Amino acid sequence: MSVLPNEGVLLDIGCGTGLFVERYHKNGGNAVGLDISTKMIEVARTRCKSCDFTIGTGEKIPFGSNSFDGVSSLLVFSYVKSPEAMLSEAYRVLKPGGSIAICTLGKKLLTKGIPALYQISERINVNHVVMKDFGEHYYNKKEMEGLFTNAGFSDTVIKWCSFAHIDMIDPLFFLAKKIEPFVEERIPQLAYNICVSGKKPHR
Ligand SMILES: C[S@@+](CC[C@H](N)C(=O)[O-])C[C@H]1O[C@@H](n2cnc3c(N)ncnc32)[C@H](O)[C@@H]1O
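Read on for an overview of the structure. Owing to the predicted nature of the structure, the values given are computational and were not obtained by experimental measurement.

Observations concerning the nonpolar core
Core analysis: the biggest nonpolar cluster contains 39 residues, and V21, V71 and A90 have the highest contact counts within it. The dominant element in this core, judged by the number of residues it contributes, is strand 5 (residues 94–105), at 5 residues. Ignoring any residue separated from it by four or fewer positions in sequence, one finds A90 in contact with I13, V71 and I100.

Structure representation (structure tokens):
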């Protein structure tokens, strides 16, 4: 997320309860959160009263073209029905020269077995949200590269990261951030989140 601009306006697609928007705002940035879920937006509005949140889908963004300096999206892309539409919309709403950063579930040894786990839990009637199949897609590097290039983005950079999420409370988040570099370097199969950044070129 370090590629995102500190100035201007950022759009966070699938902002959920507004964690990233709130953090961006506290760091002096100006961000708008967009989510398909009314409930999530309600919670987000309670979390950050001075932040801006809107209900809508990333596949048909309710903002005009060339409106944002940055677009972010954390752990959403894998659940979106049309990833092509979301990227094309992100491209449209970004100003020329604007940046995009997306982190989503990647295909790694650890995540390859998840669909099989879902099937097992369905057979033995495990009814826990963690074991529920949301039809999510696990992306590999080649797929993400293709999607970003086809949407028109340049300067695409792909990184893998592990498990530290802003949802974690300290000292868990602090610990996770410390362990992450070790995991990513020594046990890369455990770094299952794929993070892709790019730019809308100046034409
Ligand atoms: C796993 S949560 C991640 C929330 C937040 N980004 C975070 O990291 O805490 C996924 C979020 O994506 C939202 N979402 C799913 N599909 C969406 C779509 N097509 N457009 C906008 N939001 C969507 C869900 O409502 C949910 O809030």
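Remarks on the site of the ligand
Taken together, 18 residues sit near the ligand, with G14, G16, S37, G58 and L74 positioned nearest. Tallied by class, residues from the shell around the ligand come to 10 nonpolar, 5 polar and 3 charged.

Things to note about the environment of I158
Looking at the secondary structure, you find I158 in strand 6 (residues 154–161). Separated by 39 residues in sequence, I158 and S197 place their C-alpha atoms 6.7 Å apart. Aside from chain neighbours lying at most four places away, what touches I158 is K141, M144, E145, I194 and V196.

Quick word on the pairing of strand 4 (residues 68–74)
The side chains of a regular strand alternate between the sheet's two faces. By the criterion of burial, strand 4 is predominantly enclosed, with 6 of the 7 residues buried. Two elements, strand 1 (residues 9–13) and strand 4, share 3 bridges in a ladder whose sense is parallel. Pairing of D12 across the sheet is with S72, part of strand 4. Across 6 bridges, strand 4 lies against strand 5 in parallel orientation. Counted as the bridge partner of V71 is I100 from strand 5. For the crossover that starts at strand 4, traverses helix 3 (residues 83–93) and ends in the parallel strand 5, the hand is right-handed.

What to know about the environment of L4
In this fold, L4 is placed in the segment before strand 1. On the basis of neighbour count, L4 is assigned to the buried category, with 21 C-beta atoms found within 10 Å. In the structure, L4 is positioned 66 residues away from G70 in sequence and 5.9 Å away in space, judged by C-alpha atoms. Residues in contact with L4, not counting those within four places in the same chain, are L10, G70, S72, S99 and A101.

Focus: the packing of helix 3 against helix 6 (residues 141–151)
For the pair helix 3 and helix 6, the least separation of the axes is 9 Å and the interaxial angle reads 45 degrees. Judged on the interaxial angle alone, helix 6 and helix 3 are oblique. Crossing of helix 3 against helix 6: the hand is right-handed. In this structure, helix 3 contributes P83, E84, L87, S88 and Y91 to the contact, and helix 6 contributes L147, F148 and A151. Residues that form the contact of helix 3 with helix 6 fall into these classes: 6 nonpolar, 1 polar and 1 charged.

As for the sheet that holds strand 2 (residues 30–35)
Here we have 7 strands laid out as an open sheet, ordered 3-2-1-4-5-7-6, and mixed in their pairing. What marks the edges here is a single partner per strand, and that holds for strand 3 (52–55) and strand 6. The average angle at which neighbouring strand axes cross in this sheet is 15 degrees, direction not considered. Here helix 1 (residues 19–26) sits on the sheet and contacts strand 1, strand 2 and strand 4; the angle it forms with strand 2, its principal contact strand, is near 175 degrees. Across the sheet, helix 2 (residues 38–47) touches strand 2 and strand 3, and the angle it forms with strand 3 is around 170 degrees.

Comments concerning helix 6
Buried within helix 6 we find M144, L147, F148 and A151. Projected down its long axis, helix 6 shows its buried positions confined to an angular sector of 95 degrees, all on one face. Relative to its buried face, helix 6 has exposed residues pointing more than 90 degrees away, namely K142, G146, T149 and N150. Residues of helix 6 that are buried sit in contact with helix 3, strand 6 and strand 7 (193–199).

How each quantity is defined
Residues numbered from 1 in each chain as written. Predicted model: local features only at pLDDT ≥ 70, side-chain atom pairs only at ≥ 80, totals over all residues. Core = buried A, V, L, I, M, F, W, Y, C linked by C-beta atoms within 7 Å. Buried ≥ 20, exposed ≤ 12 C-beta atoms within 10 Å, placed from the backbone. Helix = DSSP H or I, 4+ residues; strand = E, 2+ residues; numbered from the N terminus. Contact = placed C-beta atoms within 7 Å. Near = placed C-beta within 6 Å. Nonpolar A, V, L, I, M, F, W, Y, C, P; charged D, E, K, R; others polar. Pairing = 2+ DSSP bridges. Right-handed = clockwise from strand over helix to strand, strands pointing away. Axes fitted to C-alpha atoms, helices over the stretch in contact; angles between N-to-C directions. Parallel < 35°, antiparallel > 145°, perpendicular 65-115°, else oblique. Left-handed = near helix turned anticlockwise from the far one by under 90°. Arc of directions from axis to C-beta.

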